[in-house]
Amino acid sequence: QNAKSKMENRNATQISTFNASLRNMNSFAFVPCGLGHSWYGTNTAFNYVNHAQAPGRNSYRLHTQHSKFYGCQHVIPLSRHPNSLSPASSSSQRLHMKYGDYTAVMIVPTGINAAIGGFAGDALPSARLLASVADTLITHPNVLNGAMMYWPIPNALYVEGLALDLFAAGDVSLQRVASNRIGVVLDCGMEDDMMLRHIQVLDAARATLGLQVVAYQVTDAPLDVHLEMGQNHSSWGTLSRPDSLLRAAHELVEKQRCDAIAVVARFPDDEEDDDALQLYRQGEGVDEIGGAEAVISHLVVRELGVPCAHAPGLPPLDVDDSVSPKNAAEELGYTFLPCVLVGLSRAPRLIPASMLQGNSSVRSDVVDRGDVDAVILPVMACGGSAFLSLA
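These lines cover the structure that appears in this document, whether it is placed above or below. (Residues numbered from 1 in each chain as written. Predicted model: local features only at pLDDT ≥ 70, side-chain atom pairs only at ≥ 80, totals over all residues. Heavy atoms only, no water.)

Re the side chain of Thr-139
At step 1: The residue Thr-139 is located in strand β7 (residues 136-139) in this model.
At step 2: At a separation of 2.9 Å, a polar atom in the side chain of Thr-139 contacts the main-chain carbonyl oxygen of Met-106. (Helix = DSSP H or I, 4+ residues; strand = E, 2+ residues; numbered from the N terminus. Polar contact = N/O pair within 3.5 Å; in protein donor to acceptor, adjacent residues only side chain to side chain.)

Details of the packing of helix α6 (residues 192-209) against helix α10 (residues 337-345)
At step 1: Running from N to C, α6 and α10 cross one another at 45°; their axes reach a closest spacing of 10 Å. Considering the angle they form, α6 stands oblique to α10. Note that α6 runs across α10; the crossing there is right-handed. Here His-198, Val-201, Leu-202, Ala-205 and Leu-209 of α6 come into contact with α10, specifically with Leu-337, Pro-338, Leu-341 and Val-342.
At step 2: Taken together, the residues of the contact of α6 with α10 break down into eight nonpolar, one polar and no charged. (Axes fitted to C-alpha atoms, helices over the stretch in contact; angles between N-to-C directions. Parallel < 35°, antiparallel > 145°, perpendicular 65-115°, else oblique. Left-handed = near helix turned anticlockwise from the far one by under 90°. Contact = heavy atoms within 4.5 Å. Nonpolar A, V, L, I, M, F, W, Y, C, P; charged D, E, K, R; others polar.)

Regarding unusual backbone geometry
At step 1: Of note, Ala-147 is a non-glycine position whose phi angle comes to about 60°, a positive value.
At step 2: Following the sequence through the fold, Ala-147 ends up in the loop between α4 (141-144) and β8 (156-158).
At step 3: Given a relative accessible area of 6%, Ala-147 falls into the buried group.
At step 4: Non-glycine residue Asp-224 carries a positive phi angle of around 55°.
At step 5: Exposure remark for Asp-224: the relative accessible area of 36% places this residue in the partly exposed category. (Buried < 20%, exposed > 50% of the residue type's maximum accessible area, 1.4 Å probe, protein only.)

Now the structure itself:
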């Protein structure tokens, strides 16, 4: 009974702190899972409403008046979620979980022109804020990667996008680790100077940061990445030689015993629209390479079941004094790889749900979908797989 009372007080305090801390974050929706409360957001502030004020038990309202949706509001039932509880029953049922931990998931899909997180690591300040009021923050490379800039957040879990979808669906759980053995796939399509720059990043990560970058593997054929832009102005792309990518990744996992894979693919610098690139550098447009990056990391995670993140191989751009602060991190050097290596160094292992059944010995190190208390994402991204699974 004391534990139950303590947990209820803690939840109430954290809800209040969460609400107060996030008032100035624009264009985001905050969706608690199973706490009996919900947040609604506008372009200027956030408040939360109790389920009793929403139309129907176990539902939440995303209220977006004064935003780009001009008064549109979405009501989505929570009743199918296993952690979806009415206010009267939430406390007692949550006692069966690892009580005392408040776990939030932050999702900012790449290539959708998100106001926060649509550029070069510009969601990192928001992630740091969220991590300061949650016990565990689960997020993904697009949120935490800032090219040459990064910020290790001790209580944040760095989870690739497809792995996050699998986690939300209950197919995998996340096992915290002290460190990972990192292997790096380098696209043989890179020029000699670009290849050398990335190998020097690996040397620097070992010598300066002490990361376990144990091996790299050069692909046996150019990966031949191509960029595409959808009619809704979201980016995507294709990979002509996925077989070459997977052979290199298999080599690192199976022979070098790598726990996580970083990929550097040579991206075309002649397929980006010059006007769109300039708009992006000024903090207004869409990241044209983000969608293709997701294709690459998704493939490795799906086939090998290990953490993965991608850094594009691109030549440096000409100096431009009009670059937005949100994109300045991508103007600093020759590579986007440092933040990827830092993120993968402590990325959680992906444990299939079937392996955890009846195995209580690893439960204290594992986070699963039933531990999620809140989801934070842009209001235009509420149709994504992870969000819908948690809803």
